[in-house]
Amino acid sequence: VQDLVQHVKRKKKKGIYQEYEEIRKEPPAGTFDYSKKTSNQIKNRYSDVLCLDQSRVRLCPLNNEDDETSDYINASFMDGYKRSNAYIATQGPLPKTFGDFWRMVWEQMVLIIVMTTRVVERGRVKCGQYWPLEAGRTEDYGYFLVRNVHIEMFQDFKLSYLELFNTQTGECREVSHYLYMSWPDFGVPKSASAMLDFRAHVKRRQESSLRTLHPDWTGPPGGPPVVVHCSAGIGRTGTFCTLDICLSRLEDIGTVDIKQTVRRMRTQRAFSIQTWDQYYFCYKAVIEYAQQSGLLQPMEWSDTELETDSE
Ligand code: PTR
Ligand code: PTR
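*Asks:* Tell me about the overall build of the protein, and please be specific about residues and values.
*Replies:* Scanning the protein from N- to C-terminus turns up 8 helices and 10 strands. Taken over C-alpha atoms, the radius of gyration comes to 20 Å for the protein, in line with the 19 Å a tight globule of 311 residues would show. Dimensions along the principal axes, computed over C-alpha positions, put the protein at roughly 65 × 40 × 40 Å. By residue count, 51% of the 311 residues in the protein fall in the buried class. In the form shown here, the protein has an accessible surface area of approximately 14300 Å², with 50% of it arising from carbon and sulfur atoms. Distance between charge centroids for the protein: 3 Å, based on 40 positive and 41 negative side chains.

*Asks:* I'd like to hear about the nonpolar core, residue by residue, with values.
*Replies:* Across soluble globular proteins, nonpolar side chains have a tendency to be buried as a group. In terms of nonpolar packing, the biggest core is built from 52 residues, with Ile 258, Tyr 279 and Val 286 touching the most fellow members. Residues contacting Tyr 279, with those up to four places away along its chain left out, are Ile 16, Glu 19, Tyr 20, Ile 23, Ile 258, Lys 259, Val 262 and Ile 273. In this structure, Phe 101, Trp 131, Leu 162 and Val 175 belong to the second largest nonpolar core, which totals 26 residues.

*Asks:* Describe the sheet that holds strand β8 (residues 157-166), naming the residues involved and giving the relevant values.
*Replies:* Judged by pairing direction, the sheet is mixed, and its 8 strands sit side by side in the order β1-β2-β10-β3-β9-β8-β7-β6 without closing on themselves. In this open sheet, the two strands that pair with only one neighbour each are β1 (75-80) and β6 (138-141). Here the strands of the sheet are splayed against their neighbours by 30 degrees on average, with no regard to which way each runs. The pairing of strand β7 (residues 144-153) with β8 spans 9 bridges and is antiparallel. Along β8, the bridge assignment pairs Arg 147 with Glu 163. Strands in contact with helix α6 (residues 235-253) are β1, β2 (83-90), β3 (112-115) and β10 (226-229); relative to β2, the strand with the most contacts, it is inclined by about 160 degrees.

Rules behind the numbers
- Numbers given to residues run from 1 along each chain, matching the order in which its sequence is written.
- Following the order in which they are written, the chains are lettered starting with A and the ligands numbered starting with 1.
- Two thresholds apply to this predicted model, a pLDDT of at least 70 for residue-level local features and 80 or more for giving and counting side-chain atom pairs, whereas whole-chain, interface and lining totals are computed over all residues.
- Where side-chain values are given, they derive from all heavy atoms of the structure, hydrogens and water being excluded.
- For the purposes of this entry, the term helix denotes a DSSP run of H or I that reaches at least four residues, the term strand denotes a run of E that reaches at least two, and both are numbered from the N terminus.
- When we talk radius of gyration, it's over C-alpha atoms, and the globule rule is simply 2.2 Å times the number of residues to the 0.38.
- Summary of the burial criterion: residues with accessible area below 20% of their type's maximum are buried, those above 50% are exposed, and those between are partly exposed, where the area comes from a 1.4 Å probe applied to protein chains only.
- The protein chains shown are the only cover counted for residues, whose accessible areas, like all others here, come from Shrake-Rupley with a 1.4 Å probe.
- Positive charges are assigned to Lys and Arg, negative charges to Asp and Glu, while His and the chain termini are left out of the count.
- Charge positions are represented by NZ for Lys, CZ for Arg, CG for Asp and CD for Glu.
- Side-chain atoms within 4.5 Å are what join buried Ala, Val, Leu, Ile, Met, Phe, Trp, Tyr and Cys residues into a set we call a nonpolar core.
- We call two residues contacting when some pair of their heavy atoms lies within 4.5 Å.
- In this description, strands pair whenever DSSP reports at least two bridges between them.
- For helices, the fitted axis covers only the stretch in contact; all axes are lines through C-alpha atoms, and the angles between them, taken along N-to-C directions, range from 0 to 180 degrees.

Here's what the structure looks like:
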């Protein structure tokens, strides 16, 4: 992590900005044919945020519909640290895709949903209300009934305990829904610590849910994918997942490579990380984490000295 600090000190803000611009200029790593099919276009929240064919999540086709596009949802598998398909990055569900979203959660055995946007921001709808907001309420999403059993409030986020009832099979499962509320409408959180606490909470919950809900899990280590979404599923979602990957690696072997992490992520979810401050925030948050966990002395790092341009 000392290398990372040296890297940032050497490049200064301008250099990190250039690093991000380089990543941004790279062409997408594949095709978007499925997202572009006429019958799928209405399932995309933004016509310019599509998912790569190679990593898209396929829904099980519905047997009462021979429509070949009934397997489409704007969602991509993304690898985590030493874990393939650790995440599903997806857009904020649209009213017409609520049912598809819950089908995906069911089919992929998802335990945790992480939402990093609010439903409405700056007066604009960013995401549909796809889960019952109040405790005690049940909503009907086609094949699934979702009940909000209980809500736990934290300073920066809210955890809803949901029950997902599959009306086709009569089975019921528990899913945790995290809503992170203090990511500002524009840009990034001022301090990384709230985000770091949030990430730690999510990580522990995935581990404990796996132990209690799937004690006989034989799938990939780490359990089923964590669903992460914001509005488009690229900006804040990409930032959250980049941090999670980088911190897991830091905890494991003590090193971090933000640039390669983002480049790799973009081959699975195109356009991940939308602004240069989200990119820079990843650096700051990793360094803050290293200080918190004693890997780095506070005096080794100060953000303000980077304001001056390099060269
Ligand atoms: N075309 C959209 C827009 O710029 O409004 C695309 C978009 C929307 C891109 C939101 C990113 C967005 O952010 P996030 O992925 O964090 O929801
Ligand atoms: N076109 C978008 C808008 O006007 O809202 C621009 C945008 C870009 C909005 C990024 C939000 C963005 O990021 P986030 O949703 O992560 O704050």
